[in-house]
Amino acid sequence: FTGNNTEIGYKIGESAAKWAQENLVDKGIDPVIGLVEFPESEFLTARADGIRKALEELLPDAEIVITGSGTTEGEGMEVGENFLVAYPDINVVCCINDDSAHGVYQAFSAAGYADAQDRGIFSCDGTEQSKEYVGQNGVFKCVVDLELTEVARMMVDCAVEDLTGEDLEYEKDNFFPMNPLTYDTVPEEYKKAE
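Let us look at the structure shown here.

Quick notes on the rules
Residues numbered from 1 in each chain as written. Predicted model: local features only at pLDDT ≥ 70, side-chain atom pairs only at ≥ 80, totals over all residues. Heavy atoms only, no water. Helix = DSSP H or I, 4+ residues; strand = E, 2+ residues; numbered from the N terminus. Contact = heavy atoms within 4.5 Å. Axes fitted to C-alpha atoms, helices over the stretch in contact; angles between N-to-C directions. Left-handed = near helix turned anticlockwise from the far one by under 90°. Nonpolar A, V, L, I, M, F, W, Y, C, P; charged D, E, K, R; others polar. Buried < 20%, exposed > 50% of the residue type's maximum accessible area, 1.4 Å probe, protein only. Polar contact = N/O pair within 3.5 Å; in protein donor to acceptor, adjacent residues only side chain to side chain.

Quick look at the environment of Ala-107
So, point 1. Position of Ala-107 among the secondary structure elements: in helix 4 (residues 98-110).
So, point 2. In sequence terms Ala-107 and Pro-60 are 47 residues apart; their C-alpha atoms lie 28 Å from each other.
So, point 3. Setting aside residues up to four positions removed in sequence, Ala-107 forms contacts with Met-77, Gly-80, Glu-81 and Leu-84.

Written as structure tokens, this is what we have:
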């Protein structure tokens, strides 16, 4: 049970690029992009590389103007504050995980951008907090849901079957789902969970 981190990152960047094209570029607004990455981690570097690749392919005239490192909410808040100080007009922030994105969200909220329609935060994991933020139709535009709760259940089922000697009904390699959730699709996700 694993995630292809380059593909996960690509999904984040793809979601950001699609939103930026429709809500910024098509309205004559230049995307000012920040990236929260974590170079200390190989798998998170692959995720950041996927984000970069998607943005380069899908928003070729835009560029990432600033990066910051962080995986926690506290680090994300500091990065978000630094982004806003360096580039007050920053309008796209891609994050390598939900925790750092929550911090960026806090920084943008403190700056008065919680409800911004012309700025967007994009991340992955699919925590309940991220889904709530996306459901508010504000600055947190999209979370790529890896459906980790369901994946964890599948892992336990597989382990129990293996330990009890049952025939395993799972593929050898199981990749995490990558379901981009936006304001329009979050309600459906909650209906599925009920």
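Read on, since the account is not over.
Digging into the packing of helix 1 (residues 5-23) against helix 2 (residues 42-58)
So, point 1. Running from N to C, helix 1 and helix 2 cross one another at 35°; their axes reach a closest spacing of 6 Å. For the crossing formed where helix 1 meets helix 2, the hand is right-handed. Side by side, helix 1 and helix 2 meet where Asn-5, Thr-6, Ile-8, Gly-9, Tyr-10, Ile-12, Gly-13, Glu-14, Ala-16, Ala-17 and Gln-21 of the first sit next to Phe-43, Ala-46, Arg-47, Gly-50, Ile-51, Lys-53, Ala-54, Leu-55, Glu-57 and Leu-58 of the second.
So, point 2. Of the residues contributing to the contact of helix 1 with helix 2, the split by class is 11 nonpolar, 6 polar and 4 charged.

Some details on unusual backbone geometry
So, point 1. In this structure, Asp-125 is a non-glycine residue whose phi angle is positive, near 135°.
So, point 2. The residue Asp-125 is located in strand 4 (residues 120-125) in this model.
So, point 3. By relative accessible area, Asp-125 is classed as buried at 16%.
So, point 4. Of note, Asn-137 is a non-glycine position whose phi angle comes to about 60°, a positive value.
So, point 5. Considering the arrangement of structural elements, one finds Asn-137 in the loop between helix 5 (128-135) and strand 5 (140-145).

Topic: the environment of Thr-6
So, point 1. Assignment of secondary structure puts Thr-6 in helix 1.
So, point 2. For Thr-6, a relative accessible area of 38% translates into the label partly exposed.
So, point 3. Remark: the alpha-carbon pair of Thr-6 and Leu-163, spanning 157 residues in sequence, is separated by 32 Å.
So, point 4. Apart from residues no more than four positions distant in its own chain, Thr-6 is found in contact with Ala-46 and Gly-50.

Here we look at the side chain of Asp-98
So, point 1. The topology assignment puts Asp-98 in helix 4.
So, point 2. Here the side chain of Asp-98 touches Ser-123 through a polar contact of 2.5 Å, side chain to side chain.
So, point 3. If we ignore the near neighbours within four places in the chain, the residues touching Asp-98 are Ser-123, Cys-124, Asp-125, Gly-126, Thr-127, Ser-130 and Val-143.

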